[in-house]
Amino acid sequence: MPNVAIVGATGAVGQEFLKILVERNFPVGELRLLATKRSAGKKILWQGREIEVQETTHDSFKGIDIALFAGGSSSTEYAPSAVKSGAVVIDNSSAYRLDPEVPLVVPEVNPEDVKWHKGIIANPNCSTIIMAVALKPVFDLAGIKRVVVSTYQAVSGAGREGIEELEGQVRDWVQGKELKNQTFPYQIAFNLIPRIDVFQEGDYTKEEWKMVKETQKIFHVDNMPITATTVRVPVLRSHSESINIETERSVDLEEVKAAFRKAPGIIVEDNPAEDRYPMPWFTSDTDEVYIGRIRKDFSIENGINLWVVGDQIRKGAATNTIQIAELLL
Ligand code: 2RA
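As the structure is a computational prediction, the values presented were derived from the model and not from experiment. (Residues numbered from 1 in each chain as written. Predicted model: local features only at pLDDT ≥ 70, side-chain atom pairs only at ≥ 80, totals over all residues. Heavy atoms only, no water.)

**Focus: the site of the ligand**
Every residue near the ligand is listed here: N125, C126, Q153, G157, I196, E207, R232 and H239. Contact between the ligand and R232: an oxygen atom at 2.5 Å from a side-chain N or O atom of the residue. Here an oxygen atom of the ligand and a side-chain polar atom of H239 are 3.0 Å apart. Notes on the ligand: free accessible area 240 Å², of which the protein chains cover 78%. Residues of the shell around the ligand, tallied by class, amount to two nonpolar, four polar and two charged. (Near = heavy atom within 4 Å. Polar contact = N/O pair within 3.5 Å; in protein donor to acceptor, adjacent residues only side chain to side chain. Areas by Shrake-Rupley, 256 points an atom, 1.4 Å probe, with all protein chains shown as cover. Nonpolar A, V, L, I, M, F, W, Y, C, P; charged D, E, K, R; others polar.)

If you want it as structure tokens, here you go:
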């Protein structure tokens, strides 16, 4: 059984790793829990074992086969040491995602890419993963000419602080107090903010460029035309995306629906007659990508509109990482 290390074990994604390893029955020999100095010494009960969290150092990876990095700046510092010790790193940070030497993997889309890793495999950005899972059946069926996506991203995408900020602002508003913001650039309660991460080239944000460039890499189509607008909304968990796809070839909508129904990792929830469509409140804490509002785009010859929702902490981060680890086994 492989020895597994979790770097960032006490954070939101790290904690989710612990749950998902159990849920998916992932075989684990030793489980080493690593975190910053601040969390070192904490004891975590996992599968009847009491495991003490250790501070991550360059020597933390001796005897480890698979190192799951939950994200953050520790990746560039410690992933090379983990690889030197013989571990395969699966990294949730953005550090290696566009490195041509590092595969960027969504198991439902490009599982074969794990084969050419040189020690590090990158886990894509959460909103990218959710979109890629939804695009794959359409890509296989009719080819993709262009994608226009707008996201509605939950506050937990910004970590625990994001949740605390929204909850705190709602509480303060009810009590008639002044609302304060620290994590987000403006008040997020009863509002939305059309800017996630920093502004970059062309006045697009880093999150928007991630959706473009990472998707192109995952599908091995460097020039796939994709344009994104990413928006933070006052939702606690699960990212939603409105996706417009122009296909290369004409395709019957029923065929598209059938392809979604057959595809791994997708649940079709689309019944206008019964007012059924995916919503973030109901998809949270699940592993699938939910697709609804499947419609023809009548403004172009070959176009489809979708409403796609997925739990970004699970499928957008932790579950996708463990699925990559399963491919390694
Ligand atoms: C967000 N995509 O939702 C980011 C987290 N990786 O802010």
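**Here we look at the nonpolar core**
Note on soluble globular proteins: their nonpolar side chains tend to be buried together. In this structure, F61, A67, F69, I243, I291 and L306 are the most contacted members of the largest nonpolar core, which totals 49 residues. The element best represented in this core is helix α3 (residues 126–142), accounting for eight residues. Inspection of this core shows a minimum of three residues originating in each of domain 1 (4–124 + 317–327) and domain 2 (128–310). Apart from residues no more than four positions distant in its own chain, F61 is found in contact with A5, V7, R32, L34, T56, A67, F69, Y78, S81, A82 and S85. The next biggest cluster of nonpolar side chains, apart from the first, holds 30 residues, and it includes L18, I51, A70 and V114. (Core = buried A, V, L, I, M, F, W, Y, C linked by side-chain atoms within 4.5 Å. Buried < 20%, exposed > 50% of the residue type's maximum accessible area, 1.4 Å probe, protein only. Helix = DSSP H or I, 4+ residues; strand = E, 2+ residues; numbered from the N terminus. Domains from an automatic or database assignment. Contact = heavy atoms within 4.5 Å.)

**So, the pairing of strand β1 (residues 4–7)**
Burial along β1 is two-sided: the residues V4 and I6 and A5 and V7 are all buried. Alignment of β1 against strand β6 (residues 66–69), held across four bridges, turns out to be parallel. Opposite V7, over in β6, you have F69 as the bridge partner. Alignment of β1 against strand β2 (residues 31–35), held across four bridges, turns out to be parallel. Paired with V4 across the bridge in β2 is L31. (Pairing = 2+ DSSP bridges.)

**Considering unusual backbone geometry**
Although it is not a glycine, F190 sits at a positive phi angle of roughly 60°. Tracing the chain through its elements places F190 in the loop between α4 (160–174) and α5 (206–218). F190 gets classed as exposed once you look at its relative accessible area, which sits at 51%. Positioned with a positive phi, D197 is a non-glycine residue whose angle comes to about 70°. Tracing the backbone shows D197 in the loop between α4 and α5. Among the residues examined, D197 registers a relative accessible area of 30% and is labelled partly exposed.

**Focus: the packing of helix α1 (residues 12–23) against helix α8 (residues 314–328)**
Axis separation between α1 and α8 bottoms out at 9 Å; the angle between their running directions is 50°. Taken together, the axes of α1 and α8 are oblique relative to one another. Every pair of crossing elements has a handedness; the one defined by α1 and α8 is right-handed. Within the contact between the two elements, α1 uses V13, E16, F17, K19, I20, L21 and E23 and α8 uses R314, A317, A318, T319, T321 and I322. (Axes fitted to C-alpha atoms, helices over the stretch in contact; angles between N-to-C directions. Parallel < 35°, antiparallel > 145°, perpendicular 65-115°, else oblique. Left-handed = near helix turned anticlockwise from the far one by under 90°.)

**Thoughts on the packing of aromatic side chains**
Note on aromatic pairs: each is described by the distance of the centres and the angle between the planes. Per the counting criterion, the structure on display carries five aromatic pairs. When the centroid spacing of 6.0 Å and the interplanar angle of 15° are considered together, the rings of F61 and F69 count as stacked. Taking 5.0 Å as the distance between ring centres and 70° as the angle between the ring planes, the aromatic pair formed by Y152 and W307 counts as edge-to-face. Highlighted residues: Y152 in strand β9 (residues 144–152) and W307 in strand β14 (residues 303–310), separated in sequence by 155 residues. A relative accessible area of 34% places Y152 in the partly exposed class. Directly above the aromatic system of W209 lies the positively charged group of K213, at a separation of 4.8 Å from the ring centroid. (Phe/Tyr/Trp six-rings, centres within 6.5 Å; stacked < 30°, edge-to-face > 60°. Lys NZ or Arg CZ within 6 Å of the ring centre and 35° of its normal.)

**Points about the UniProt feature "domain: Semialdehyde dehydrogenase NAD-binding" (unreviewed entry) in the chain**
The feature "domain: Semialdehyde dehydrogenase NAD-binding" (unreviewed entry), as given by UniProt, occupies residues 3–117 in the numbering adopted here. This span, residues 3–117, is 20% helix and 23% strand, and a straight line between its end C-alpha atoms measures 19 Å. (UniProt positions renumbered as here; feature names shortened; annotations may be inferred.)

**Side note on the domain arrangement of the chain**
Interfaces are often sized by the accessible area lost when the parts come together. As assigned here, the chain comprises domain 1 (4–124 + 317–327) and domain 2 (128–310). Between the C-alpha centres of domain 1 and domain 2 there is a distance of 25 Å. Taken together, the contact between domain 1 and domain 2 spans 24 residues of the former and 19 residues of the latter. Counting each side, the surface lost to burial between domain 1 and domain 2 is near 1600 Å², with a carbon and sulfur contribution of 59%. When the area that domain 1 buries against domain 2 is broken down by residue, the three leading residues are L98, E108 and V109, summing to 33%. (Buried area = accessible area lost by both parts, 1.4 Å probe.)

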